[in-house]
Structures are given as structure tokens and as C-alpha cells.
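Remarks on the overall topology
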Amino acid sequence: MPSLPTIQPEDVATAGRASHEGVFDAPALDEHRDAIADYALRLGDDALILGQRLTEWCGHAPQLEIDLSLANLGLDLIGQATLLLGLAGELEGNGRDADALAFHRDVLAFRNCLMVEQPNGDFARTIARQFLFSAYQAALYEALQHSASPRLAEIAAKAVKEVRYHADLAADWVIRLGDGSEESRQRMIDGLDWHWRFVEELFQMDAVEQALADAGIGVDKATLRPDFDATVERVLTEATLPLPVYPRAVLGGRKGHHSEHLGHLLAVMQFLPRTYPDAVW
Amino acid sequence: MKDWPLWEVFVRSRGGLSHKHVGSVHAPDAELAVRHARDTYTRRMEGVSLWVVRSADIVASDPDQAGPMFAPAEDKVYRHPTFYEIPPEVKHI
């Protein structure tokens, strides 16, 4: 009886992945490995940067209850970032974990959209950013639950419950501030006006995302836009606010072309682990 | 935001148990009071259901009247059902 060929290390590696990702779809996932890593990095950076922004409110919010609720959203997002960046690092295969990606990359290597790096401004501007981003993110995760990548699908299924809450909470506040006092209304309008130019980028597709969408791993974000527009219209109407007139879009975050604000955010976020590399907590 | 009313928060920790008072939150209205209560008191899986009620709507007994209200019960131990002989055949009481 002829002996079986020796088991090669790469066979073992493939088998190891197969046990997690399923035997039959592993080849397709292998083919898109780099693209999935890039995709997870984008999603992870969005969550990380917005999470960091929200934690800046800690100790500064107008009420203790708002302090807690914004910190809660921030922590949810940082939790999602940990999973997504962990996946990105694993697929990248250079031995970088989520912490390495968060704390030891420079600004040009970040792939988050421009909206999430915008400064908090006042409470209304923070709420405007949260409302628009969470509405988009909830729709995205909703669709991503059905990704052909089981890892992405699992992360999306866990995160979508958190993000639906974020979207509802932010919408509640848009309605209260918009349909509140003269001052709260004006601040809500100003806060939304700051962010309209960054909406287009949320739904922007490029070759990487299109290929993943075609393979059933990513999401064709054009399909999310009608739901997003309907949510914006519903909430703004209830808030008695004017509907958006979108200005010329500002793009570039996914290519690492960021606003000046991201560098300042990273300086605060990355200072400690870079200055004290051995620090543990 | 300084004139937000106070709301008392009640959490049901598990199905079948009753809601218990856990504290209070400030909020401009009932809907946001539930959200604030969720973010303040159920972050660590403490509950499966929340009630909030305006603190001002709670009718409380007067602490100055605690004597007449509660003292008369002190010497009436017979109100506890501990004076019955239970037959040995009856278990789990």
C-alpha cells in the first residue's frame, strides 16, 4: 500500500483555519485574505477613533448621566475595535495585535473615515456626529452579519445590538435638541451642518470594498443609503429641523488623508504606551 | 439641564423576581430616564427590565410619624405564623 504524502506545514495551517471558518469557503477567504485585513482595519479604525473621541467627554459632560452614557458608547466602540483590529492583525500575519495596531501606527496609516475624527465641539455637535455615524454603522453591521467570512459575521452580530442602541439614543437627542429651546435648536443645526460634508465618504466604495462585496464578504454600501436617508429624514422631521442640503463631499480618510484633528487625537491616545512600552494595567 | 427632574429607578434582576429600587437618575423626560437608568444601573448585566418613576410622584410615609406608623407592630409577634405545630410528615415548610 502506497504511503500517504507527508503533511506539509501549509496544509496544517489551512486545516487550522478550516476548523474555524468552515471547510468549504476557506479557499475563497484565502484569496481575499489581504482585502479582509484591510477591511477589518477600516471598520476597526472607525470604531477606535470614535470611541476615543467619546471618552474625551468623560468628566466634562453637562450631566453625570450624559457622562456615563457617552462613556458607555465609547467603550462599546473600543470593544468592537479590539475585535476588528485583532482580526486585521491576525490576517495581516506580521505579529501585530490590536494594541500594536492602535498604539503603534502613525496618522497616515489610519484608515478611518473623516467623520469620526472630527472634534467633539459642543454636546449638539457630538450628538450630530453620533446620530449620522451610528445610523450608517447600524445598517452596515446589520448587513455584515450575513458575511461569508464567519469572523466578520460574528463580530457584526455582536456589535449590531450595541450600535442600534447608539443610533436610537443619538436620534432621541437630535429630536430633543432640535425641538427644544431656540438655543438648543440652533446648536443642533450647527452640529449637523459641520458633518454633512462627511456623509458621502461613509458610503464610498473602492476596488477593495467592491471585490469583497462581490464575494459576499463585504457590503455594497450603496444598498444602505436609502435606509440611511429615510432615518435622517424621519428623525429630522420629528425634530422640526431642516432636511440636509449636502455640500461638496470631503473624502480621503480610507487612503490615510486625514484632517489635522486626527494627529492630535493620536498624540493623546498613543502617548502612554509609546513612552512607557512596558506599562501594564 | 440643571432643572432636570429626578427619577427613581427599579431593576428586575431576573425573570420571576420583582423590581427593586436601585437608585435615581436625572433626565429631561421619561424616555431618556429609561436610557440613563440603563446606562447607569444595568451596565454589568444587573437586570432584564427597568422601571422609572418621577421621584415627585412617589408618596412616602412621614419619618416624623414613624412611631405611630410602625411601633404598634413591634409587640405583636403572634402575627408571624410561627406558632403552629407542623406534623413531621409535612416537609419543606
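The notes below deal with the structure included here. (Residues numbered from 1 in each chain as written. Chains lettered and ligands numbered in written order. Predicted model: local features only at pLDDT ≥ 70, side-chain atom pairs only at ≥ 80, totals over all residues.)

This part covers the overall build of chain B. When its secondary structure is counted, chain B shows two helices and three strands. Ordered by position from N to C terminus, the α and β elements of chain B give β-β-α-β-α. When the backbone C-alpha atoms are referred to their principal axes, chain B occupies close to 60 × 35 × 15 Å. Burial status across chain B gives 15% buried among its 93 residues. A sequence separation of at least 24 residues applies to 45% of the contacts in chain B between residues at least 6 apart. (Helix = DSSP H or I, 4+ residues; strand = E, 2+ residues; numbered from the N terminus. Buried ≥ 20, exposed ≤ 12 C-beta atoms within 10 Å, placed from the backbone. Contact = placed C-beta atoms within 7 Å.)

Next up on the list: helix α3 (residues 33-55) of chain A. Its 23 residues give α3(A) an end-to-end C-alpha distance of 32 Å, which sits within 8% of 33 Å, the value for a rise of 1.5 Å per residue. Of all 23 residues in α3(A), 17 are buried, a share of seventy percent or more. (Expected span 1.5 Å × (residues − 1).)

Moving on to the interface of chain A and chain B. Opposite the nine residues of chain A that make contact, chain B presents 13 residues. Listed by contribution, the elements that provide at least two residues to the side of chain A that touches chain B are α4 (64-92) and α8 (150-178) of chain A. Considering every element that reaches the side of chain A that touches chain B, the biggest residue donor is α4(A), with four residues. Residue composition of the side of chain A that touches chain B, by class: three nonpolar, three polar and three charged. (Nonpolar A, V, L, I, M, F, W, Y, C, P; charged D, E, K, R; others polar.)

Before going further, it helps to spend a moment on the sheet that holds strand β1 (residues 6-12) of chain B. Working definition: the strands of a sheet are paired by backbone hydrogen bonds and lie parallel or antiparallel to each other. Residue and element names in this part refer to chain B. Taken in spatial order, the three strands make up an open sheet running β2-β1-β3, and their pairing is antiparallel. Single-partner strands in this sheet number two, and they are β2 (20-26) and β3 (49-54). When strand polarity is set aside, the average angle formed by the axes of neighbouring strands in this sheet is 30°. In this structure, β1 lies alongside β2, joined through six bridges in antiparallel fashion. Across the sheet, residue Glu8 finds its bridge partner in β2, namely Ser24. Of the strands in this sheet, β1, β2 and β3 are in contact with helix α1 (residues 30-41), which crosses β3 at around 125°. (Pairing = 2+ DSSP bridges. Axes fitted to C-alpha atoms, helices over the stretch in contact; angles between N-to-C directions.)

Turning our eyes to something else, we now look at the pairing of β1(B). All names here are of chain B. Going residue by residue along β1, you find Trp7, Val9 and Val11 tucked away on one face and Leu6, Glu8, Phe10 and Arg12 left uncovered on the opposite face. Pairing analysis gives six bridges linking β1 to β3, with the strands arranged antiparallel. Following the sheet pairing, Phe10 is matched in β3 by Trp51.

Moving on: the environment of Gly23(B). All names here are of chain B. In this structure, Gly23 sits in strand β2. Judged by the 12 C-beta atoms lying within 10 Å of it, Gly23 falls in the exposed class. Every residue in contact with Gly23, bar those within four places of it in the chain, is listed here: Val9 and Tyr41.

Below, the discussion takes up the nonpolar core. One finds Ala40(A), Leu84(A), Leu85(A), Ile127(A) and Val174(A) to be the most contacted residues of the largest nonpolar core, which totals 73 residues. When residues in this core are grouped by element, the largest group, 14 residues, is from helix α7 (residues 123-144) of chain A. Residues contacting Ala40(A), with those up to four places away along its chain left out, are Leu84(A), Leu87(A), Ala88(A) and Leu91(A). Core analysis: the next-biggest nonpolar cluster, separate from the first, contains nine residues, Trp7(B), Leu32(B), Ala33(B) and Val52(B) among them. (Core = buried A, V, L, I, M, F, W, Y, C linked by C-beta atoms within 7 Å.)

Turning our eyes to something else, we now look at the packing of α7(A) against helix α12 (residues 225-238) of chain A. Residues and elements named next belong to chain A. It is the contact of α7 with α12, at a shortest axis distance of 10 Å, that shows an interaxial angle of 145°. α7 and α12 meet at a crossing whose hand is right-handed. For the pair α7 and α12, contact is made by Ala135, Tyr136 and Ala139 and by Asp227, Phe228, Thr231 and Val232, respectively. Its residues placed into classes, the contact of α7 with α12 shows five nonpolar, one polar and one charged. (Left-handed = near helix turned anticlockwise from the far one by under 90°.)

All names here are of chain A. End to end, helix α13 (residues 260-275) covers 22 Å across 16 residues, agreeing with the expected 22 Å (1.5 Å per residue, within 8%). Along its length, α13 shows its largest kink, about 40°, at Met269, and proline Pro273 lies within four residues downstream of that point. Every buried residue of α13 is accounted for by Leu262, Leu265 and Leu266. Taken together, the buried residues of α13 touch α3 and α6 (114-117). (Bend = angle between axes of the 7 residues up to and from the residue.)

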